[in-house]
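Here is how the chains run, residue by residue.
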Amino acid sequence: MTISISKKGNIMKKIIAINAGPRAGWNTDQLIKATAKGAQKAGCEIEYIDLFKIEKYTGCISCFGCKQKISFGKCVCHDGLYSVLEKIRSADGLIIGSPNYLGNLTASFRALYERLVFQSLTYNKENPCCNNHKIPVVLIMTSNCDEEMYDSIGYTALLKQYKGTLETFVGPTQILCCGNTLQVNDYSKYDWTMFNPDVKKKHHDNTFKDYLDKAYEIGKNL
């Protein structure tokens, strides 16, 4: 095992930063990297993983291998997510971000979420979670929808559920949301009459830097 040492002689904390969105360089990706940059500034080592660029994988296949004594608490499905889960298992913190698609986080996020959580679920009343290595989590969600609508359309409840589950099975979780995002640079290419491109661009220009700064500070305190 390789142990990273900082210039000050301290053992560096390892943070896994995961993009569960498909668009490199866009809103979710930028916020994840800003959070990771903050953690790096605080002395952490960062490993960035793009779920859309790893080998083929699925969500939980309900094989119950993680419930058997020989592999208790550990996902045994050897596909593209296996190494990701192993890296999280030995990490000191987790940053994961996803855009909201059709009222939920991406299928890629869900696949990792199912596998990450279910391996620690014991179905035991006395000890429902077998994960003894709890780590802090930052969950980032971006959406085209304005944050003012989150309560009425169920996004607030959705994030509360994710937060509760992650805190039970992975570790203390902080949520960062960024709504009313800019979807494309040139809206004229599309017949999207629901949006005012100028208003979208102005909102992005006036607010997104603040979200990046907030993400950076969250990372520093992770």
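Analysis parameters
- Residues numbered from 1 in each chain as written.
- Predicted model: local features only at pLDDT ≥ 70, side-chain atom pairs only at ≥ 80, totals over all residues.
- Heavy atoms only, no water.
- Salt bridge = Lys/Arg side-chain N within 4 Å of Asp/Glu carboxyl O.
- Helix = DSSP H or I, 4+ residues; strand = E, 2+ residues; numbered from the N terminus.
- Buried < 20%, exposed > 50% of the residue type's maximum accessible area, 1.4 Å probe, protein only.
- Core = buried A, V, L, I, M, F, W, Y, C linked by side-chain atoms within 4.5 Å.
- Contact = heavy atoms within 4.5 Å.
- Expected span 1.5 Å × (residues − 1).
- Polar contact = N/O pair within 3.5 Å; in protein donor to acceptor, adjacent residues only side chain to side chain.
- Axes fitted to C-alpha atoms, helices over the stretch in contact; angles between N-to-C directions.
- Left-handed = near helix turned anticlockwise from the far one by under 90°.
- Nonpolar A, V, L, I, M, F, W, Y, C, P; charged D, E, K, R; others polar.
- Phe/Tyr/Trp six-rings, centres within 6.5 Å; stacked < 30°, edge-to-face > 60°.
- Lys NZ or Arg CZ within 6 Å of the ring centre and 35° of its normal.

### A closer look at the pattern of salt bridges
Proximity of charged atoms lets side chains of opposite charge pair with each other. On inspection of all chains with the given rule, the structure shows 10 salt bridges. Residues Glu 47 and Lys 87 are paired through a salt bridge, measuring 2.6 Å at the closest nitrogen-oxygen approach. Placement of the pair is Glu 47 in strand 2 (residues 45-50) and Lys 87 in helix 2 (residues 82-89), with a sequence separation of 40 residues. On the basis of relative accessibility, which here comes to 22%, the residue Glu 47 falls in the partly exposed class. Classification of Lys 87 by relative accessible area gives partly exposed; the value is 31%. The residue Lys 209 makes a salt bridge to Asp 213 at a minimum N-O spacing of 3.0 Å. Placement of the pair is Lys 209 and Asp 213 together in helix 6 (residues 197-220), with a separation of 4 residues, close to one helical turn. On the basis of relative accessible area, Lys 209 is assigned to the exposed category, the value being 52%. Of the residues examined, Asp 213 reaches a relative accessible area of 34% and is grouped as partly exposed. Linked through salt bridges whose partners overlap, the residues forming this network are Lys 14, Glu 47 and Lys 87.

### With respect to the nonpolar core
Residues Ile 18, Leu 51, Ile 88, Leu 94, Phe 109, Leu 112 and Leu 139 are the most contacted members of the largest nonpolar core, which totals 37 residues. Elements supplying a minimum of two residues to this core: strand 1 (14-19), helix 2, strand 3 (93-101), helix 3 (107-118), strand 5 (137-142) and helix 5 (155-169). Not counting residues within four places of it along the chain, the set of residues in contact with Phe 109 comprises Ala 20, Leu 51, Ile 96, Ser 98, Leu 139 and Tyr 162. Core analysis: the second largest hydrophobic core is formed by 17 residues, Leu 31, Ala 34, Ala 39 and Ile 140 among them.

### Brief notes about helix 1 (residues 27-41)
Its 15 residues give helix 1 an end-to-end C-alpha distance of 21 Å, which sits within 8% of 21 Å, the value for a rise of 1.5 Å per residue. For helix 1, every residue scored as buried is listed here: Asn 27, Thr 28, Asp 29, Leu 31, Ile 32, Ala 34, Thr 35, Ala 36, Gly 38 and Ala 39. Of the residues flanking the end of helix 1, it is Gly 43, one or two places downstream, whose phi is positive at about 105°.

### Points about the environment of Ser 71
For Ser 71, the location among the structural elements is in the loop between strand 2 and helix 2. Between the C-alpha atoms of Ser 71 and Gln 119, which are 48 residues apart in sequence, the distance is 9.6 Å. Within the local environment of Ser 71, its side chain forms a polar contact with the backbone oxygen of Gly 65, the two atoms lying 2.5 Å apart.

### Overview of helix 3
Between the first and last C-alpha of helix 3 there are 16 Å, a value that for 12 residues agrees with the 16 Å anticipated at 1.5 Å per step. The element helix 3 is extensively covered by neighbouring structure, given that 9 of its 12 residues are classed as buried. The complete set of buried residues in helix 3 reads Ser 108, Phe 109, Ala 111, Leu 112, Tyr 113, Arg 115, Leu 116, Val 117 and Phe 118.

### Overview of the packing of helix 1 against helix 6
Direction vectors running N to C along helix 1 and helix 6 enclose 40°, while the axes themselves pass 6 Å from each other. Classified by chirality, the crossing of helix 6 by helix 1 is right-handed. On the side of helix 1, the interface is formed by Asn 27, Gln 30, Leu 31, Ala 34, Thr 35, Lys 37, Gly 38, Ala 39 and Lys 41, while helix 6 contributes His 204, Phe 208, Tyr 211, Leu 212, Ala 215, Tyr 216, Ile 218, Gly 219 and Lys 220. Its residues assigned to classes, the contact of helix 1 with helix 6 comprises 9 nonpolar, 6 polar and 3 charged.

### Structural notes on the packing of aromatic side chains
A full pass over the atoms with the stated rule returns 10 aromatic pairs. When the centroid spacing of 6.2 Å and the interplanar angle of 70° are considered together, the rings of Tyr 187 and Phe 195 count as edge-to-face. Geometrically, the ring pair formed by Tyr 190 and Trp 192 is stacked, given 4.4 Å between the ring centres and 20° between the ring planes. The positively charged end of Arg 23 is found above the aromatic ring belonging to Trp 26, 4.3 Å away from the centroid. In this structure, Lys 33 is placed above the aromatic ring of Tyr 48, and the distance from its NZ or CZ to the ring centre is 5.0 Å.

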